[in-house]
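Remarks on the overall topology
For reference, the chains in residue letters:
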Amino acid sequence: MPNGKPSGKPSRQLLLSEAVTESKPTTTQMATPGSISTPTDPSASEATERILQEIASVGCRLEAMDQKITDLTIASSSIRAGIAGFKDTADALEQRLTTVEDQMATLPDQEIELRSLRAKVTDLEDRSRRDNIRLFGIPERKEGSDTKAFLQSLLPDLFDLEFSPPLEFQRAHRIGPPHKATSDKPRPIIACFLRHDQARQVLSAAKTQGPASLDGHEIRVAADFSRLTNEKRKAFLAFRPQLRKLDIKNAFLNPQGYNFTPGVSSVLKLFLDQFRSLGAGSLWKLYVC
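The sections below set out a description of the structure shown in this document. Not measured: the values here are computed from a predicted model.

On a plain count of helices and strands, the protein chain comes out with eight helices and eight strands. Counting every position in the protein chain, which comprises 289 residues, the buried fraction comes to 24%. Summarising the internal contacts of the protein chain: among those between residues at least 6 apart in sequence, 64% fall at separations of at least 24. A total accessible area of about 21,300 Å² is found for the protein chain, and carbon and sulfur atoms account for 57% of it.

So, in structure tokens, the structure goes:
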């Protein structure tokens, strides 16, 4: 006021100053960053949850991929080890194949040697049987209990022979098991002579006189050969009728040979080709006289 006296009502300037003072925060009332609260947004929370779930799913898939990579690495190592094993096996097979090829290269020589050895063994067996003869057609049990004594009395009478010194045998017996029926074909008797010249004497007489007879039974005598020689001799029998028709004389040469007179060359060649086709011709001596 003009007179400087205080008035009873507060002035407008004072009220405004107090209002400004009250609106200013004090130092202790100032807000800190941690004290600021963020308003809650439901859509933002759901998005965050989905992101976290996706991150967890990606982590699981990465772990599964790591496991698969580990398994593939192990499998790859196993495959490499298997390939290395196959290579070793292939090398071993190649070595064995080379060995077999080398052995096959020597087969022709071995086959020739085998044939030669087989022929020698057959020849030795035939020579060991030179003292033997076989008698066919003698009825079963005709010899009784002593076959040697039976033959000692039979052969001189059967072929009208005389033996000096007396006929003797090392062994004499039937071949094969006994027959159950009496009507069966009688088993042959094989006899081993003590003296070779007596065996040749009986065979020569049987060849000259032909089959003999005993109680109405035809008795035949033959030399004793190895199984292989017998098979080869039988192979010749199929051709003998053809050779006789062509007037080609033929005969066996003991033990491994065949003798015939030469005929038409084409017929002779056919005979030899057919005989060799039986697989035994290479072991036989063929004579042309």
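Once that is clear, we can look at the sheet that holds strand 2 (residues 169-174). The five strands are arranged 2-3-1-5-4 in an open sheet whose pairing can be described as antiparallel. In the strand order of this sheet, the two ends are held by strand 2 and strand 4 (212-214), each with one partner. Each strand axis lies, on average, 25 degrees off the axis of its neighbour in the sheet, ignoring direction. Docked against the sheet, helix 4 (residues 147-159) engages strand 1 (132-136), strand 2, strand 3 (189-193), strand 4 and strand 5 (217-223), running at close to 95 degrees with respect to strand 2. Sitting on the sheet, helix 5 (residues 196-209) is in contact with strand 1, strand 3 and strand 5, with an inclination near 130 degrees to strand 5.

Tallying each qualifying case throughout the model produces one aromatic pair. Considering the side-chain rings of Phe 169 and Phe 193, the 4.7 Å spacing of their centres and the 50 degrees angle between planes classify their relative orientation as tilted. Of this pair, Phe 169 sits in strand 2 while Phe 193 sits in strand 3, and the two are 24 residues apart along the sequence. Assessed through its relative accessible area of 0%, Phe 193 is described here as buried.

Bringing helix 6 (residues 227-237) into the picture now. Looking at helix 6, one finds that the buried residues are Leu 228, Thr 229, Lys 232, Arg 233, Ala 235 and Phe 236. The arc that holds the buried residues of helix 6, viewed along the axis, is 150 degrees, so those residues lie on one side. Exposed side of helix 6, more than 90 degrees from the buried face: Arg 227 and Lys 234 are the residues found there.

Apart from glycine, the bulk of residues carry a negative phi angle, and the bulk of peptide bonds sit in the trans form. Put simply, Ser 164 and Pro 165 share a cis peptide bond, and its omega is 0 degrees. Mapping Pro 165 onto the fold places it in the loop between helix 4 and strand 2. In this structure, Asp 160 takes a positive phi of about 55 degrees despite not being glycine. As for its placement among the helices and strands, Asp 160 is situated in the loop between helix 4 and strand 2.

Attention now goes to the environment of Leu 135. Within the secondary structure, Leu 135 sits in strand 1. Sequence separation between Leu 135 and Ile 219 is 84 residues; the distance between their C-alpha atoms is 6.8 Å. Residues in contact with Leu 135, not counting those within four places in the same chain, are Leu 151, Leu 155, Pro 188, Ile 189, Arg 220 and Val 221.

For strand 1 and strand 3, the ladder comprises four bridges, and the chain directions are antiparallel. Paired with Ile 133 across the strands is Ala 191, a residue of strand 3. As paired elements, strand 1 and strand 5 share four bridges and run antiparallel to each other. Of the residues in strand 5, the one forming a bridge with Phe 136 is Arg 220.

What counts as what
Residues numbered from 1 in each chain as written. Predicted model: local features only at pLDDT ≥ 70, side-chain atom pairs only at ≥ 80, totals over all residues. Heavy atoms only, no water. Helix = DSSP H or I, 4+ residues; strand = E, 2+ residues; numbered from the N terminus. Buried < 20%, exposed > 50% of the residue type's maximum accessible area, 1.4 Å probe, protein only. Contact = heavy atoms within 4.5 Å. Areas by Shrake-Rupley, 256 points an atom, 1.4 Å probe, with all protein chains shown as cover. Pairing = 2+ DSSP bridges. Axes fitted to C-alpha atoms, helices over the stretch in contact; angles between N-to-C directions. Phe/Tyr/Trp six-rings, centres within 6.5 Å; stacked < 30°, edge-to-face > 60°. Arc of directions from axis to C-beta.

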